[in-house]
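Chain residues, written in single-letter form:
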Amino acid sequence: MTPTTRRVLPLLLAPLALGLTAPAAMASPSSVPAAPPAAECSDEPRDLPTWKFIDYGEMRRELAHIERISHGRVDVEVAGKSNRGRSIFTATVGTGDKVLLVTSEIHGNEKTGTTALLRILKWLGTSGSPEAKRLRRTITFVAVPKINPDGAELDRRGNDISWAEIERDFPQLAGRPPAWNYLNGVQQGDDYRQRPGFDLNRDFNPNLDYVPRPEDVPGTSAEPGWFLNPETQTLRDVYKDLRARHGAVDAYVDLHHQGACVREDAQGRLLDVAVDYPPLPDVFFEPGGKYAQYRDTYAKDLSKQLAISAFRGMDARGFIPARYPHAPTRDIPGQVRCSLAMIGTGTVLFEVRGQTQTMGHELAERFTRAVTEGLLSMLNDLSTGAVFDIDPDTFETLPGTIEEDADDHTD
Ligand SMILES: [Zn+2]
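Now for a quick tour of the structure. Owing to the predicted nature of the structure, the values given are computational and were not obtained by experimental measurement. (Residues numbered from 1 in each chain as written. Predicted model: local features only at pLDDT ≥ 70, side-chain atom pairs only at ≥ 80, totals over all residues.)

**Points about the environment of Asp 254**
Argument step 1. Of note, Asp 254 is situated in strand β9 (residues 251-258).
Argument step 2. Asp 254 gets classed as buried once you count the C-beta atoms within 10 Å, which come to 26.
Argument step 3. Put simply, Asp 254 and Glu 351 are 97 residues apart on the chain and 8.8 Å apart in space, counted from C-alpha to C-alpha.
Argument step 4. The contacts of Asp 254, once residues within four sequence positions are left out, are Thr 103, Ile 106, Val 336, Arg 337 and Leu 349. (Helix = DSSP H or I, 4+ residues; strand = E, 2+ residues; numbered from the N terminus. Buried ≥ 20, exposed ≤ 12 C-beta atoms within 10 Å, placed from the backbone. Contact = placed C-beta atoms within 7 Å.)

**Side note on the pairing of strand β12 (residues 346-353)**
Argument step 1. Of all eight residues that make up β12, eight are buried, and the element is covered over most of its length.
Argument step 2. In terms of strand pairing, β9 meets β12 through eight bridges, oriented parallel. When the bridges of β12 are listed, Val 253 appears paired with Val 348.
Argument step 3. The pairing of strand β10 (residues 273-276) with β12 spans four bridges and is classified as antiparallel. For Val 275, the partnering residue across the bridge sits in β12 and is Phe 350. (Pairing = 2+ DSSP bridges.)

**Topic: the packing of helix α8 (residues 300-316) against helix α11 (residues 364-384)**
Argument step 1. The contact between α8 and α11 brings their axes to 7 Å, and the two run at 125°. Relative to α11, the element α8 is oriented oblique. With respect to the hand of their crossing, α8 and α11 are arranged in right-handed fashion. On α11, the residues that touch Leu 306, Ser 309, Ala 310, Arg 312, Gly 313 and Met 314 of α8 are Ala 370, Glu 373, Gly 374, Leu 376, Ser 377, Met 378 and Asp 381.
Argument step 2. Residues belonging to the contact of α8 with α11 are distributed by class as follows: six nonpolar, four polar and three charged. (Axes fitted to C-alpha atoms, helices over the stretch in contact; angles between N-to-C directions. Parallel < 35°, antiparallel > 145°, perpendicular 65-115°, else oblique. Left-handed = near helix turned anticlockwise from the far one by under 90°. Nonpolar A, V, L, I, M, F, W, Y, C, P; charged D, E, K, R; others polar.)

**Quick look at the environment of Gly 334**
Argument step 1. Turning to its location among the elements, Gly 334 is positioned in the loop between β11 (321-323) and α9 (336-342).
Argument step 2. When the 26 C-beta atoms within 10 Å are taken as the criterion, Gly 334 is described as buried.
Argument step 3. It is 9.3 Å that separates the C-alpha atoms of Gly 334 and Thr 220, two residues lying 114 residues apart in sequence.
Argument step 4. Apart from residues lying up to four places away in sequence, Gly 334 is in contact with Arg 202, Asp 203, Phe 204, Pro 224 and Gly 225.

The structure is reproduced here in structure tokens:
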């Protein structure tokens, strides 16, 4: 196909699925795209086309289009700039006092979340249905699609910044070894030697006023991050601004992808999306523990309730959700979802099966719809308050995944 034809495709596809995104009024399970073929999956990177995923330029145009046709209901703003100067956008719809913040592509090769966010924004911003009106009245929905636009354009996990640039921005770190999450070799099949970067989902800190100190670098996965990168600084500022204006950010969802061959443990089926609450050991919140100061604010139960809501929403529409592997000792405070949960926001991880390098676009439509259903369920349950009636302890009874002990997580 010509480049012109290629670029138009994602935008043409979106309206087809829009009719499926109205909560409660949604189509029957028969509309779910075909289940994944059982035998065909591989974690080996393949040279698959990514053009069916929405790229940065298409996202900009679609956001502008949605803002225009929503007649002021969707507000698109530039929240900050990536290291390579790309604008990072927020799109806000709704005037309610329950705030749901969602980011996509903090890992730039994990792309279905961006399309799901654009579909929800379009539906919420333009629909005259009672459901959409109720959600706009009760919820403030804030989407940050492509929080890592430089990584997204390179179709890779990390952003695009060198340690020398970090030292320029933070002279107090000059001469320190690079932070532990700095990628400057060959990672996940991507060569970062010429264009190094960071795993941004290790750069967060529950202290939103934290300033990098030399003694905290290079750090470890069991310590908070440092807000070293423009992208994580932008997300921190978006969160602080929302909290200042609304008093609290009730919920945060981070949209990711995982391995290509993960199966649900109950029936051994290849799954669509796994969900999780933050990996932070309970013992560290006890008096004297390293997270003791967050004992009263840690939103563990709300995180589980929201994750269960997402699971139920996807399950009810015929998709295959599961619990994400989560050992009780797992401790990654530098993840955005962990830091924000410590300071009172219920947080949920979505892990769609397969990265772009392993799945390409083959199942993109199915996974995008699954993510959309999960998010809409959470919006709905936050709006009605039903999420607070969910028993958080039932999270552990949901089907898990067969890779329960895997330690090479990609979230
Ligand atoms: Zn990820």
